[in-house]
Amino acid sequence: MVARSSLFLSLLSVFALVQASPARRDLVLHERRETVPSGFVENGPASPNTLLSLRMALVSNNLPGLETALFAVSTPDSAQYGQHLTKEEVEAFVAPSPETTSAVQDFFAANKIKATTTSPAGDWLSFSIPVSQANDLFDADFTVFTHKETGTQAIRTLTYSIPSSLKEKIDFIHPTIAFPVLQKLPPKVLAPRPISNLTASVTPTPGAVPASCNTEITPACLQALYGIPPSVSAAGSKIGVSGFIDQFAQTADLKTFLTNFRTDIPSTTTFGTQFIDGGSNPQGVNEAGIEANLDIQYTVGVAGGIPVTFISVGPNNVDGIDGFLDIINTLINEASPPQVLSTSYGFDEPDIPSSIGNSLCNAYMQLGARGTSIVFSSGDGGVSGSQSQTCTTFIPTFPSGCPFVTSIGATAGVTETSASFSSGGFSALFPRPSYQNTAVSNYLTALGTTNSGKFVKTGRGFPDISAQGESFVIVNGGRAELVDGTSCSAPLTSSIIAMLNAELLAAGKPVIGFFNPFIYANPGVFNDITTGSNPGCNTNGFPAKAGWDPVTGLGTPSFTRLKTALGLP
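The structure displayed is predicted, hence computed values, not measured ones.

Criteria and thresholds
Residues numbered from 1 in each chain as written. Predicted model: local features only at pLDDT ≥ 70, side-chain atom pairs only at ≥ 80, totals over all residues. Heavy atoms only, no water. Helix = DSSP H or I, 4+ residues; strand = E, 2+ residues; numbered from the N terminus. Rg over C-alpha atoms; globule rule 2.2 N^0.38 Å. Buried < 20%, exposed > 50% of the residue type's maximum accessible area, 1.4 Å probe, protein only. Areas by Shrake-Rupley, 256 points an atom, 1.4 Å probe, with all protein chains shown as cover. Axes fitted to C-alpha atoms, helices over the stretch in contact; angles between N-to-C directions. Parallel < 35°, antiparallel > 145°, perpendicular 65-115°, else oblique. Left-handed = near helix turned anticlockwise from the far one by under 90°. Contact = heavy atoms within 4.5 Å. Nonpolar A, V, L, I, M, F, W, Y, C, P; charged D, E, K, R; others polar. Salt bridge = Lys/Arg side-chain N within 4 Å of Asp/Glu carboxyl O. Phe/Tyr/Trp six-rings, centres within 6.5 Å; stacked < 30°, edge-to-face > 60°. pLDDT = per-residue confidence, 0-100. Polar contact = N/O pair within 3.5 Å; in protein donor to acceptor, adjacent residues only side chain to side chain. Disulfide = S-S within 2.5 Å. Expected span 1.5 Å × (residues − 1). Pairing = 2+ DSSP bridges.

Peer 1: Provide a residue-level description of the overall build of the protein chain, including the pertinent values.
Peer 2: Helix and strand content of the protein chain: 14 helices and 26 strands. Taking 25 Å as the expected radius of gyration for a compact globule of 569 residues, we find that the protein chain reaches 25 Å, a close match to that expectation. Every one of the 569 residues in the protein chain was classed for burial, and the buried ones make up 57%. Approximately 21800 Å² of the protein chain is accessible, and the part contributed by carbon and sulfur atoms is 53%.

Have a look at this one:
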């Protein structure tokens, strides 16, 4: 009798536990990480009472439809070319289905969790729960990890599960298996020098590049090399410049730069600011950031007449990727986002979980469909990734591997050749998009068996195009410096796109938007670079060849030929 009573009570307890924890029924593994990322060490279980700030990405109702629409408005021979989507049209593709939203809301309600929508289309939710509840709900093991080099701590789990009924409704939960990743370093400083020792602005002779451009690049050099006009009427064109990792753009340094190297632009010309996740832009010699100053000086100082906004992303983000997702969601939510977004930061692709990589890439697709050209530097490590490092197989960079961004490599010299640091290769995450299939296939045929087994031949090839990237003159903290990097190439290219946009708008035409289908449909508008390579991983890397190559893409821009191809006089 006692035994039967005990059994009865035990069954009641189990029943009560199941009733109290409906989300624990029928869990299925959703994501798993096999090992702790290199550089991190495990410190032990996270405190059960620690509050976790998590985000849940919901499955959109029609991302394939959005991709089709993106290519329809971005491919030159399409009847819909240039008819960019509205904010509402994009959101209709991205929003979860009503069934998905309802099921997920029921899950949160059953577990007494308050979730907040954090994206315009409702495909991202944020919620906070203690470690104990997260471990229980998601069959997880949240643990404290420390990055040995930086001391950065993170609470992560190597695996988590979700209810089987939500398997097709939840894309992923973040940050769970995604560890903090390190962005690449600012561009390399070659030689600090006094302003008086640098060549001041000169008016380029048509068709002639100043001799000084062999040793130091200024806006005058770029105007001469690529046929860039001194200025245009903005006509509504504007540029957004991303800023991360405490890089701050200095108005005093910009004034000095314009005074010395763009005497035709008022030295009082400045830039706007926008702050995300507690971003800021403090001023002062000790606050000067090489990357931020470079990006601002070669947008304001090249795209004469185009308004530039410095978008500073601060440390108060929980997206696990330094605010990369937050900045894009912020711009997606704007009624009139900039038509060009220039970013000179990035990661090594293997450091980004596929769920995060795909989600961020799809966010770029959303902004591209709205008419924004999204420009990224390809990285500075040749085939070894964002920075030079030891490797046995080639390391692609992110987001350059995303097919919805335009990746920019680097060249050097007045007689242009590949910059040896120019990152390029093939994504292991994203397949090759159709717009570059012919160009990449031709390269692979010419390459033969070189580097066989060190890269994914079917992956998205990058960069798409390139531009000068060595010996750029900047002013930083009151003194002139020369810098190298694809970080030079990205803002330069963004400036060219923005100036073309201004002329298109003035002519009553739509802006360029997603640039890549146009690029690959018009390879002749670029200066083909056929010399040099991008060594790394104890190899010579990829050689530059006629046509597209994973060092310089299709080559460097010609403003005049681009205008003609865009139907401008």
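Peer 1: Explain the packing of helix 7 (residues 251-261) against helix 8 (residues 290-300) residue by residue, including any values.
Peer 2: Two elements in contact, helix 7 and helix 8, have axes whose closest approach is 10 Å; the angle formed by their N-to-C orientations is 45°. Between helix 7 and helix 8, the interaxial angle falls into the category oblique. Classified by chirality, the crossing of helix 8 by helix 7 is right-handed. Residues Asp253, Leu254, Phe257 and Leu258 of helix 7 form the contact with helix 8, whose participating residues are Asn293, Ile296, Gln297, Tyr298 and Val300. Partitioned by chemical class, the residues of the contact of helix 7 with helix 8 number 6 nonpolar, 2 polar and 1 charged.

Peer 1: Break down the pattern of salt bridges for me, with residues and values.
Peer 2: Counted by the stated rule, this structure contains 6 salt bridges. Salt-bridge contacts for Arg55 lead to Asp326; the nearest nitrogen and oxygen are separated by 2.7 Å. In this pair, Arg55 sits in strand 3 (residues 51-58) while Asp326 sits in helix 9 (residues 324-332), placing the two residues 271 residues apart along the sequence. The two residues Arg55 and Asp326 agree in class, both being buried.

Peer 1: A description of the packing of aromatic side chains should follow, citing residues and the corresponding values.
Peer 2: Under the criterion given, the structure shown has 31 aromatic pairs. Aromatic side chains Phe257 and Phe261 sit 5.4 Å apart centroid to centroid with 55° between the ring planes, which places their arrangement in the tilted category. Taken together, the residues Phe257 and Phe261, both in helix 7 and 4 residues apart, mark about one turn of the helix. For Phe257, a relative accessible area of 0% puts it in the buried group. What makes Phe261 buried here is its relative accessible area of 1%. Three or more aromatic residues link up through ring pairs in this structure, and these residues are Phe244, Phe324, Tyr345, Phe347, Tyr364 and Phe376.

Peer 1: Requested: an account of the packing of helix 2 (residues 63-74) against helix 10 (residues 354-369), with residues and values cited.
Peer 2: Interhelical geometry of helix 2 versus helix 10 gives an angle of 45° and a closest axis separation of 10 Å. The angle between the axes of helix 2 and helix 10 places the two elements in the oblique class. Between helix 2 and helix 10 lies a crossing of left-handed hand. On the side of helix 2, the interface is formed by Leu63, Leu66, Glu67 and Leu70, while helix 10 contributes Asn362, Met365, Gln366, Gly368 and Ala369.

Peer 1: Explain the confidence of the model for the protein chain residue by residue, including any values.
Peer 2: On average, residues of the protein chain score 91 in pLDDT, and 91% of them are at 70 or above. Confidence drops under a pLDDT of 50 for residues 1-23, and excluding neighbours within four residues, the segment shows 9 contacts in the predicted structure.

Peer 1: Quick one: what's the story with the environment of Tyr520, residue by residue and with numbers?
Peer 2: Counting through the fold element by element, Tyr520 comes out in helix 13 (residues 516-521). A sequence separation of 369 residues divides Tyr520 from Gly151, and the C-alpha atoms of the two residues are 44 Å apart. Each residue touching Tyr520, except ones within four places of it in the same chain, is listed here: Tyr435, Gln436, Ala439, Arg460, Pro463, Asp464, Trp548 and Leu554. A distance of 3.1 Å separates polar atoms of two side chains, one belonging to Tyr520 and the other to Gln436.

Peer 1: Can you explain the state of the cysteines? Please cite residues and give values.
Peer 2: Working definition: the covalent bond between the sulfur atoms of two cysteines is a disulfide. Per the stated rule, a full pass over the model turns up 3 disulfides. Cys213 shares a disulfide with Cys221; S-S distance 2.0 Å. Judged by the sign of its S-S torsion, about -90°, the cystine formed by Cys213 and Cys221 is left-handed. Residue classification places Cys213 among the buried positions, given a relative accessible area of 4%. The side chain of Cys391 participates in a disulfide bridge whose partner is Cys537; the two sulfur atoms lie 1.9 Å from each other. The S-S bond linking Cys391 to Cys537 shows a torsion near -95°; that makes this disulfide left-handed. Of this pair, Cys391 sits in the loop between strand 16 (373-377) and strand 17 (397-398) while Cys537 sits in the loop between strand 25 (526-527) and strand 26 (556-557); the two residues are 146 residues apart in sequence, bridging distant segments of the chain. Each member of the pair, Cys391 as well as Cys537, carries the same accessibility label: buried. Sequence-ordered numbering of the bonded cysteines in the protein chain gives a pairing of 1-2, 3-5, 4-6.

Peer 1: Give me the lowdown on helix 6 (residues 219-226), citing residues and values where you can.
Peer 2: Burial analysis of helix 6 places 8 of its 8 residues in the buried class, which makes it a mostly covered element. All of the buried residues along helix 6 are Pro219, Ala220, Cys221, Leu222, Gln223, Ala224, Leu225 and Tyr226. Just beyond helix 6, the residue with positive phi is Gly227, at close to 70°.

Peer 1: Which residues make up helix 10, and what are the values?
Peer 2: For an α-helix, the turn length of 3.6 residues means that residues three or four places apart are oriented alike. For helix 10, built from 16 residues, the straight-helix expectation of 22 Å at 1.5 Å per residue is met to within 8% by its first-to-last C-alpha distance of 22 Å. Counting buried residues along helix 10, 13 of its 16 residues qualify, which places the element largely inside the surrounding structure. Following helix 10 by one or two positions, Gly371 has its phi on the positive side, about 110°.

Peer 1: I'd like to hear about the pairing of strand 11 (residues 239-243), residue by residue, with values.
Peer 2: Taking burial as the measure, the 5 residues of strand 11 include 5 buried ones, the bulk of the element. Where strand 11 meets strand 13 (residues 308-313), 5 bridges bridge the pair, whose relative direction is parallel. Bridged to Gly243 within strand 13 is Ser312.

Peer 1: Quick rundown of the pairing of strand 13? Include the residues and the values.
Peer 2: In terms of burial, strand 13 is largely enclosed, as 5 of its 6 residues are buried. Sheet topology note: the strand 12 (residues 272-276)/strand 13 ladder contains 5 bridges and is parallel. Counterpart to Thr273 in the pairing with strand 13 is Phe310.

Peer 1: Can you explain the side chain of Ser373? Please cite residues and give values.
Peer 2: Mapping Ser373 onto the fold places it in strand 16. A polar side-chain atom of Ser373 sits 2.4 Å from the main-chain carbonyl oxygen of Gly513.

Peer 1: How would you sum up unusual backbone geometry? Please name residues and give values.
Peer 2: Backbone torsion omega between His174 and Pro175 reads -5°, so that peptide bond is classified as cis. With respect to the secondary-structure elements, Pro175 resides in the loop between strand 9 (170-174) and strand 10 (188-189). Put simply, Phe462 and Pro463 share a cis peptide bond, and its omega is 0°. Tracing the backbone through its elements, the reader meets Pro463 in the loop between strand 21 (459-462) and strand 22 (465-468). Positive phi values are uncommon outside glycine, yet Asp246 reaches one of about 55°. Along the chain, Asp246 turns up in the loop between strand 11 and helix 7. The exposure class of Asp246 is exposed, given its relative accessible area of 58%. Positive phi outside glycine occurs at Asp322, with the angle close to 60°. By secondary structure assignment, the location of Asp322 is in the loop between strand 13 and helix 9.

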